[in-house]
Amino acid sequence: MKVGIPRALLYFKNEKFWTTLFKEMGIEYILSPETNKEIINDGANLAIDETCLPTKILLGSINWLIDKCDYIFIPRIAYAHGQQMCTKFLAQTDLVYNTFRDRNPKLLFYDIDNKKVTAERKAILKMGKFLHIPKNHVKLAYILAKQTQLYYEMFRCESQENVVKNSNKNKILIVAHAYNIKDKYVGEPIIEAVKNLNCEPIIAEYFNAEQCIQASRNVSKTLPWGYNRHLVGAIEMYKDNIDGIILLTTFPCGPDSMVNDMIIRKYKNIPIITLTVDTQDGTAGMQTRLESFVDIINFKKGNL
Ligand code: SF4
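Now for a look at the structure at hand. All of these numbers come straight from a predicted model, not from anything done at the bench.

Concerning the side chain of His-177
- Looking at the secondary structure, you find His-177 in the loop between β9 (170-175) and α7 (178-181).
- At 2.8 Å, the side chain of His-177 and the side chain of Asp-256 are in polar contact.

Brief notes about the pairing of β9
- Taken across its six residues, β9 has six buried, putting it largely inside the fold.
- Here β9 runs beside strand β10 (residues 199-203); their pairing, made up of five bridges, is parallel. Its bridge partner being in β10, Ile-172 is matched across the sheet by Pro-201.
- The pairing of β9 with strand β11 (residues 244-250) spans four bridges and is parallel. Following the sheet pairing, Ile-174 is matched in β11 by Ile-246.

Details of the pattern of salt bridges
- Under the defined criterion, the tally for this structure stands at eleven salt bridges.
- Of the charged contacts, one joins Lys-13 and Glu-205 as a salt bridge, the two residues approaching to 2.9 Å between their closest N and O atoms. Here Lys-13, found in helix α1 (residues 11-25), pairs with Glu-205, found in the loop between β10 and α9 (209-216); they are 192 residues apart in sequence, far enough to count as distant.
- Of the residues examined, Lys-13 reaches a relative accessible area of 13% and is grouped as buried.
- Ionic pairing is found between Lys-195 and Glu-192, a salt bridge with its closest N-O pair at 3.9 Å.

Remarks on the sheet that holds strand β7 (residues 107-108)
- What the four strands build is an open sheet, ordered β2-β1-β3-β7; its pairing is parallel. Strand pairing shows two members of the sheet lacking a second neighbour, β2 (28-31) and β7, which therefore form its edges.

Concerning helix α12 (residues 286-300)
- Across its 15 residues, α12 extends 21 Å between first and last C-alpha, which sits within 8% of the 21 Å expected from 1.5 Å per residue.
- If you follow the buried residues of α12, they end up packed against β9, α8 (188-196), β10, β11 and β12 (272-277).
- Positioned one or two residues after α12, Gly-302 has a phi angle of 75 degrees, which is positive.

Quick word on the nonpolar core
- Formed by 100 residues in total, the largest nonpolar core has its most connected members in Met-25, Tyr-110, Ile-174 and Ile-246.
- Composition of this core by domain shows at least three residues from each of domain 1 (2-147) and domain 2 (167-300).
- Contacts of Tyr-110, omitting those with residues within four sequence positions, involve Phe-17, Trp-18, Phe-73, Pro-75, Arg-76, Ile-77, Ala-123, Ile-124 and Met-127.

The rules we used
- Residues numbered from 1 in each chain as written.
- Predicted model: local features only at pLDDT ≥ 70, side-chain atom pairs only at ≥ 80, totals over all residues.
- Heavy atoms only, no water.
- Helix = DSSP H or I, 4+ residues; strand = E, 2+ residues; numbered from the N terminus.
- Polar contact = N/O pair within 3.5 Å; in protein donor to acceptor, adjacent residues only side chain to side chain.
- Buried < 20%, exposed > 50% of the residue type's maximum accessible area, 1.4 Å probe, protein only.
- Pairing = 2+ DSSP bridges.
- Salt bridge = Lys/Arg side-chain N within 4 Å of Asp/Glu carboxyl O.
- Expected span 1.5 Å × (residues − 1).
- Contact = heavy atoms within 4.5 Å.
- Core = buried A, V, L, I, M, F, W, Y, C linked by side-chain atoms within 4.5 Å.
- Domains from an automatic or database assignment.

So this is what it looks like as structure tokens:
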């Protein structure tokens, strides 16, 4: 049996967890390719216009995978870190099934539908049962997979904190969801552009999620979406160590449009630029805007 994992959305939050889990359970998997224009166009053709770009990338990635594997892996996750998720993550299993219903897709998923810390483990055990894998085998695979993801995130966070402490360059915090900043088409060109302007890109997503979510309570008591809390909390924690903020979002994202507006009103003393990536233009034309943004930072610091 071969499982297809779309390189989109939650994959970028769980890549080490998922790939270790399948490896340890003895299940073969394939990943869809890095996002490219063909995947975007396929996703856009399959989705309705109002769908956000990351969901279009998901659909395009599944379109690539669907004839190459036995099951498409597409979990339904309502809560992460005890926080509510954007509705897209609750709907994605049904969305995928209905979009591809003419091709009779076989979906593999786990379902997290409550806030309890044990919910994920229970959901994975249930998926293991569906796959006829012995319970103890799944339990062990789950522990190893969680540890692998945890160490990966800890190492990433520590490395970045060292950069924040020690770099003399302008430090630009890029505030973007994991599936945007780590995507080849969406986030990578922005990271490269920041580096080419001799600045240090600092990725909000790479800071510790629990600590950031806690810090986000200084900014808003009511903000509903956990992933946005993570990003807002990163700004709150590192606001005195950064020189500017890029709000990198994808069109049309409801949560980001509200939260980014709040960020702009709250952090008035930090230069902020909003960059929106869409299906048609990608990151074209953003270089000039970033150059002007870095000029503003240098002017503010008296270096221009
Ligand atoms: S938060 Fe925005 S970009 Fe992410 S899945 Fe929801 S609508 Fe799409």
